[in-house]
Structure formats: structure tokens, C-alpha cells
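# Remarks on the overall topology
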Amino acid sequence: MGLIKSVAELDFPTKIKILIYGEPGLGKTSAALSMPSPLLFDCDEGIHRVNASFIKATVQPKTYQEILNVLDNEDLSSFRTIVIDGAKKLLDLMEMDIVSSPRAKVDKLVQGNGTLSLRGFGERLRMFEALNKKIAYQNKHVVYVAHQTTT
């Protein structure tokens, strides 16, 4: 059996994974919410800037653990897409989770000034990868919205 395949033999991914990136006010969140049956994680508390006709079911997490709790404990069967807006704020929530962890200093995840160490950044990457796997295992599309500039 050869490695060259015809179009009919190709295995196409069935779940969409998208990053929408750009300046504020371009309609990134509105575009993300046009995906099939979305659930919005409004990490940057910006849902008030979205036209009311585009607003869908929304979670406004204050911690990374709240995101995990929703993904692990809520009935998400009516949602086909997870929208995370904004990506930078998600990373900030992950960082707060690491920094506040009892093992942060023991495992050298933070520097003396309280910011992430190189190990801490590695831990945040592991958390991000685990989040993406969790969403994929639930058979959901995922859309990240990232802002070119943040406030």
C-alpha cells in the first residue's frame, strides 16, 4: 500500500480549530459566535461590545478552574463549538492558577518577583495543551479570539 492517496482516500479532520486575531472592533467575536451552536467563554469580559443579535450562551470565568468546572461538570451536549475570547486573558487566568498554587515555589514555577519562571511557562503550555485535548475529547469545534492590542 503506497503513501499517495486519492482525494476519496484522504482523512480530513472533522472538527474546526481556529484562531481569529485582529484589532478591536473588527467583529472577531461576532464571527466566532457565528460558528455552529457556540458556548462563549468571555475571559476578557467584552460581551457587552457584541451586537445583541450575535450574543449566545456565555460563561464569564474569573478563574481557570471555573473554565475546567464548566467543561467537566456541565451538560454541553447542546453546544458544538467552544469560543474562548480573549486568548491572552485565558493565558492570564492560567498564570494566576499557577502562581497561586501551593506547589508554585516548591516546583520553581515562579521567580522571586512572583512572575512565571521558565518552568512556569512550561506548566502553562501543558495546561493549554490539556485544555485543547479536553475540548477535542468532547468532540467540539474550538475558536480562540485574540486581540492585536489589549487594555
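A brief report on the enclosed structure follows. (Residues numbered from 1 in each chain as written. Predicted model: local features only at pLDDT ≥ 70, side-chain atom pairs only at ≥ 80, totals over all residues. Heavy atoms only, no water.)

### Things to note about a nonpolar patch on the surface
Nonpolar side chains collect at one region of the surface, where Val 7, Leu 10 and Phe 12 lie side by side and expose about 320 Å² of accessible area between them. With respect to the secondary-structure elements, Phe 12 resides in the segment before strand S1 (17-22). (Patch = residues over 30% accessible without salt bridge, like charges linked within 9 Å, V, L, I, M, F, W, Y side chains within 5 Å. Areas by Shrake-Rupley, 256 points an atom, 1.4 Å probe, with all protein chains shown as cover. Salt bridge = Lys/Arg side-chain N within 4 Å of Asp/Glu carboxyl O. Helix = DSSP H or I, 4+ residues; strand = E, 2+ residues; numbered from the N terminus.)

### Observations regarding the packing of aromatic side chains
Under the defined criterion, the tally for this structure stands at one aromatic pair. When the centroid spacing of 5.3 Å and the interplanar angle of 40° are considered together, the rings of Phe 128 and Tyr 144 count as tilted. One end of the pair, Phe 128, is in helix H4 (residues 118-137); the other, Tyr 144, is in strand S5 (residues 141-147), and 16 residues separate them in sequence. Assessed through its relative accessible area of 8%, Tyr 144 is described here as buried. (Phe/Tyr/Trp six-rings, centres within 6.5 Å; stacked < 30°, edge-to-face > 60°. Buried < 20%, exposed > 50% of the residue type's maximum accessible area, 1.4 Å probe, protein only.)

### As for the pattern of salt bridges
With the rule as written, the count across this model stands at eight salt bridges. Among the salt bridges present, the one from Asp 44 reaches Arg 49, with a minimum N-O distance of 3.8 Å. Accessibility expressed as a relative area gives 16% for Asp 44, which makes it buried. Taking the relative accessible area as the measure of exposure, Arg 49 reaches 55% and is therefore exposed.

Distances and angles like these do not, on their own, reveal function.
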